[in-house]
Amino acid sequence: MCGRNNRLYIKDMKQIALIASLLAASVAGMYAQESGYQFTTVKSIKTTPVKNQAKTGTCWCFATTSFMETELLRMGKGEYDLSEMFIVRQKYFNQTEDNYLRRGRGNIGQGSLSHTWMNAFNEVGIVPEEVYSGINYDSETHNHAELNQYINAIAATAVKLKKRSPEYYKMLNNVLDTYLGTVPETFRYKGKEYTPKSFAASLGLNKDDYVEITSFSHKPFYQPFAIEVMDNWEGFKQYNVPLDEMIEVMDFAINNGYTICWDGDVSEKGFSHKNGVAINPELKKVEDYAGTDRARFENMTPEQLQEEAYKFEAPCPEVNVTQEIRQEGYESFVTTDDHLMHITGIVKDQNGTKYYITKNSWGTERNSNGGFLNMSESFVRAKTVYVMVHKNAIPTALKKKLGL
């Protein structure tokens, strides 16, 4: 699910100068929040521009599309702007089929996971954004509130009648055409004519090159299992590894030029897209980490304190997340599956703590970092549901253990 909408990413000297004037810091290669967090880039991988999922629960598609666009950059294919809504359309269709066969007990909400992108891509191909924007209604940005209501109604009717008639399929396709647009049989792009399938083939993306990796101790390690979350409606299996090895995969990937599609929990108070930071503070006594600003925080509740921790004069201590702590969060339903984003690099704060540069899909105007944020390692260890990576982004020893 992606119910909430939300790095300062230095691209040239003009931008550095602007940041310096705003933050009174002119150190090239560094950036800072209005709080005490100051970051130095360790590794940053080129990606495509930030997009806006707006009023939709389609973060899964925006994150995976960004990941795949960046894979094309890595592969030397050039920069593409691929249509998220072309994939979303097929997902809606597949969900209604699954829901019918489950006698109405399927998931026909807006959310999904990374593998859904790959499955739809293999089924129907893909097109550029300029060919299929997915906005065929009176709106400047995406909004699926009404669309999803109609899809749910059509799906429920078929279940009630215990029949999917030709008229049912016509109705479903008409609704998708009305809101998202008619799917082109052929189109021209950069002087060549394509079908959605031939365009997909021209990109050279192979579904079998990508795997999803998770870390939960209620299932055996080094074996795949289907994560028990609603958005895994396709029952796709993730490879299960110990927590330290999942982090090892993420670091190995980034340091070797591969990015990461990330799924996790952003409902915690320590997640602040507005401030460009996601942290997992250890809530001890305020004086342990509030510095000279202690008086401001000393009367706050633990919940308020966690929400304000990113404003401390310096980064506050964070939880040492073990496998057991991570598992407890999952089994107590504190850690939820509610958002997908795209990890494109690593930074460190002034204390040497590692953070992951994360590209969100909430547009560029909602924070001063152009839509990016930095997630601390502690936050990632606790709140990751799974990551998707290229198989070659996995260390060799672990690939052997997984049989990849």
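About the criteria used
- Residues numbered from 1 in each chain as written.
- Predicted model: local features only at pLDDT ≥ 70, side-chain atom pairs only at ≥ 80, totals over all residues.
- Heavy atoms only, no water.
- Salt bridge = Lys/Arg side-chain N within 4 Å of Asp/Glu carboxyl O.
- Helix = DSSP H or I, 4+ residues; strand = E, 2+ residues; numbered from the N terminus.
- Buried < 20%, exposed > 50% of the residue type's maximum accessible area, 1.4 Å probe, protein only.
- Pairing = 2+ DSSP bridges.
- 1 Å grid on protein atoms, 1.4 Å probe; cavity = no way out; pocket = protein on both sides within 12 Å on 5 of 7 lines; lining within 4 Å.
- Points joined across faces, edges and corners; volume = space filled by probe spheres on them.
- Disulfide = S-S within 2.5 Å.
- Phe/Tyr/Trp six-rings, centres within 6.5 Å; stacked < 30°, edge-to-face > 60°.
- Lys NZ or Arg CZ within 6 Å of the ring centre and 35° of its normal.

> Teacher, can you tell me more about the pattern of salt bridges here?
Here the idea is simple: oppositely charged side chains can pair when their charged atoms come close. All told, the structure shown has 14 salt bridges when counted by the stated rule. As a salt-bridge pair, Asp-81 and Lys-51 come within 2.5 Å of each other at their nearest N and O atoms. With Asp-81 in the loop between α2 (59-74) and α3 (84-101) and Lys-51 in the loop between β2 (38-44) and α2, the pair connects residues that are 30 residues apart, well separated along the chain. Given the relative accessible area of 38%, Asp-81 is considered partly exposed.

> What exactly am I supposed to notice about the pairing of strand β14 (residues 384-390) here?
On any regular strand, side chains alternate: one points to one face of the sheet, the next to the other face. Extensive coverage of β14 is indicated by the burial of 7 of its 7 residues. Bridge count for strand β5 (residues 210-214) against β14 is 4 bridges, and the pairing is antiparallel. Within the sheet, the bridge partner assigned to Val-211 lies in β14 and is Val-389. In the sheet, strand β8 (residues 260-264) pairs with β14 via 4 bridges, with the strands oriented antiparallel. When the sheet's bridge partners are listed, Asp-263 is paired in β14 with Tyr-386.

> Just checking my understanding: could you explain empty space enclosed by the protein for this structure?
For the largest cavity, the calculated volume is near 80 Å³. Those elements giving two or more residues to the lining of the largest cavity turn out to be α2 and β11 (339-349). With 4 residues, α2 is the largest single contributor of residues to the lining of the largest cavity.

> I tried to follow the state of the cysteines on my own but got confused; where do I start?
Each disulfide consists of a covalent bond between the sulfur atoms of two cysteine residues. Applying the stated criterion across every chain yields a total of 0 disulfides. Cys-61 takes part in no disulfide bond, and the closest cysteine sulfur to it belongs to Cys-59, at a distance of 9.7 Å. Residue classification places Cys-61 among the buried positions, given a relative accessible area of 0%.

> Please clarify how the packing of aromatic side chains should be interpreted in this entry.
Enumeration over the complete set of coordinates arrives at 19 aromatic pairs. Consider the rings of Phe-271 and Phe-379, whose centres lie 6.1 Å apart with planes at 35 degrees: the pair is tilted. With Phe-271 in strand β9 (residues 271-272) and Phe-379 in helix α12 (residues 377-383), this residue pair connects regions lying 108 residues apart in the sequence. By the ring-pair criterion, three or more aromatic residues cluster together here, those being Tyr-80, Phe-187, Tyr-189, Tyr-194 and Phe-199. Between the NZ or CZ atom of Lys-91 and the centre of the ring of Tyr-92, over which it lies, the distance is 4.4 Å. Geometry around Phe-216 places Arg-326 over its ring, the cationic atom sitting 4.2 Å from the centre.

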